[in-house]
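Structural description and commentary
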Amino acid sequence: GLSRATTILLSGVVFFSTTTGSNGNDNNTITSCDIRDGATTPNNGVYSAGSTTTAATNNSGNTISNNNIFNFFNATASENGIFLSSGNSDWTITGNSIYQTASRTETSSATESGITISSSAGNNFVVTNNFIGGTAPSAGGTAWTIGGSIANRFRGISLSVGSTTASSVQGNTIANF
């Protein structure tokens, strides 16, 4: 499994960053891993913030598949199993299980999300056959529980993407909350 001791808001256990070259961080595959907490609990399991100079400098052609992504959390800030920010395009996110093994208590109005893609100029995202929820893979175990006195928000899958090439969200399961 992959674990990383980080509580940096804009980082993750798996982190794709910007580039100084002519191409982004392209054509990478992360598959069949446990992406989880380590010495601390990360804000994001997978986080990507690519360059926006040109379409070529976007992080593109990456695949996140068949992973268990769990135990990401911050009581006072938004957190995500997978978060693709600006500068990303043409990703495939498929067959992952995103869950929490412990109850979580929010202390702010932050959003807790399974998958967030917020790359308004990015296109052609494929999000298929993922499981979000529960305390075990495939939305299994007991319910994923979020408590707290502040009105917290949960988003299973959230996309804000470009319209040049359509993105596809199909066959995902959000259950066991």
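Placed above this text is the structure.
Residues numbered from 1 in each chain as written. Predicted model: local features only at pLDDT ≥ 70, side-chain atom pairs only at ≥ 80, totals over all residues. Heavy atoms only, no water.

What follows is about the overall build of the protein. Secondary structure summary: the protein contains 0 helices and 20 strands in total. In terms of C-alpha radius of gyration, the protein reaches 15 Å, essentially the compact-globule figure of 16 Å for 177 residues. Counting only C-alpha atoms, the protein reaches 45 × 30 × 30 Å along its principal axes. Sorting the 177 residues of the protein into buried and exposed places 45% on the buried side. (Helix = DSSP H or I, 4+ residues; strand = E, 2+ residues; numbered from the N terminus. Rg over C-alpha atoms; globule rule 2.2 N^0.38 Å. Buried < 20%, exposed > 50% of the residue type's maximum accessible area, 1.4 Å probe, protein only.)

The next point concerns the nonpolar core. Generally speaking, nonpolar side chains in soluble globular proteins are found buried as a group. Counting 20 residues, the largest nonpolar core has V46, I64, I69, I82 and I115 as the members making the most contacts within it. Within the residue set of this core, elements represented by two or more residues are strand 2 (14-16), strand 9 (79-84) and strand 14 (111-119). Sequence-distant contacts of V46, defined by excluding residues within four places in its chain, comprise V14, F16, I35, I64, I69, G81, I82 and F83. (Core = buried A, V, L, I, M, F, W, Y, C linked by side-chain atoms within 4.5 Å. Contact = heavy atoms within 4.5 Å.)

To continue, consider the sheet that holds strand 14. What the 5 strands build is an open sheet, ordered 2-5-9-14-18; its pairing is parallel. Edge strands, defined here as strands with exactly one partner in the open sheet, are strand 2 and strand 18 (153-161). Taking each pair of neighbouring strands and ignoring which way they run, the sheet shows an average axis angle of 10°. Of the pairings in the sheet, the one linking strand 9 to strand 14 comprises 5 bridges and is parallel in character. Bridge assignment links I82 to a residue of strand 14, and that residue is I115. (Pairing = 2+ DSSP bridges. Axes fitted to C-alpha atoms, helices over the stretch in contact; angles between N-to-C directions.)

Once that is clear, we can look at the side chain of D37. With respect to the helices and strands, the residue D37 is situated in the loop between strand 4 (34-36) and strand 5 (44-48). Within polar-contact distance, the side chain of D37 engages the side chain of R36 at 3.1 Å. A polar side-chain atom of D37 sits 3.4 Å from a polar atom in the side chain of N71. (Polar contact = N/O pair within 3.5 Å; in protein donor to acceptor, adjacent residues only side chain to side chain.)

The subject of this paragraph is the pattern of salt bridges. Side chains bearing opposite charge may pair, as long as their charged atoms lie close to each other. This structure, assessed with the given rule, holds 1 salt bridge. The shortest N-O distance in the salt bridge between D37 and R36 comes to 3.1 Å. Here D37 falls in the buried class, since its relative accessible area comes to 17%. (Salt bridge = Lys/Arg side-chain N within 4 Å of Asp/Glu carboxyl O.)

Turning our eyes to something else, we now look at the sheet that holds strand 3 (residues 29-31). Taking strand neighbours across the sheet as the criterion, the 5 strands line up as 3-7-11-15-19 in an open arrangement whose pairing is parallel. Unpaired on one side and paired on the other, strand 3 and strand 19 (168-170) mark the two borders of the sheet. With strand direction ignored, the average angle separating the axes of adjacent strands in the sheet is 5°. With 3 bridges connecting them, strand 3 and strand 7 (residues 63-65) associate as parallel partners. Note that in strand 7 the partner of I30 across the bridge is I64.

With that settled, consider the packing of aromatic side chains. Summed over all chains, the structure comprises 8 aromatic pairs. Judged by centre distance (6.1 Å) and plane angle (80°), the ring pair of F72 and W144 falls under edge-to-face. Of this pair, F72 sits in the loop between strand 8 (68-70) and strand 9 while W144 sits in the loop between strand 16 (131-132) and strand 17 (146-147); the two residues are 72 residues apart in sequence, bridging distant segments of the chain. Here F72 matches W144 in class, with each residue buried. Aromatic rings pair up to connect F72, W144, F154 and F177 into one cluster. (Phe/Tyr/Trp six-rings, centres within 6.5 Å; stacked < 30°, edge-to-face > 60°.)

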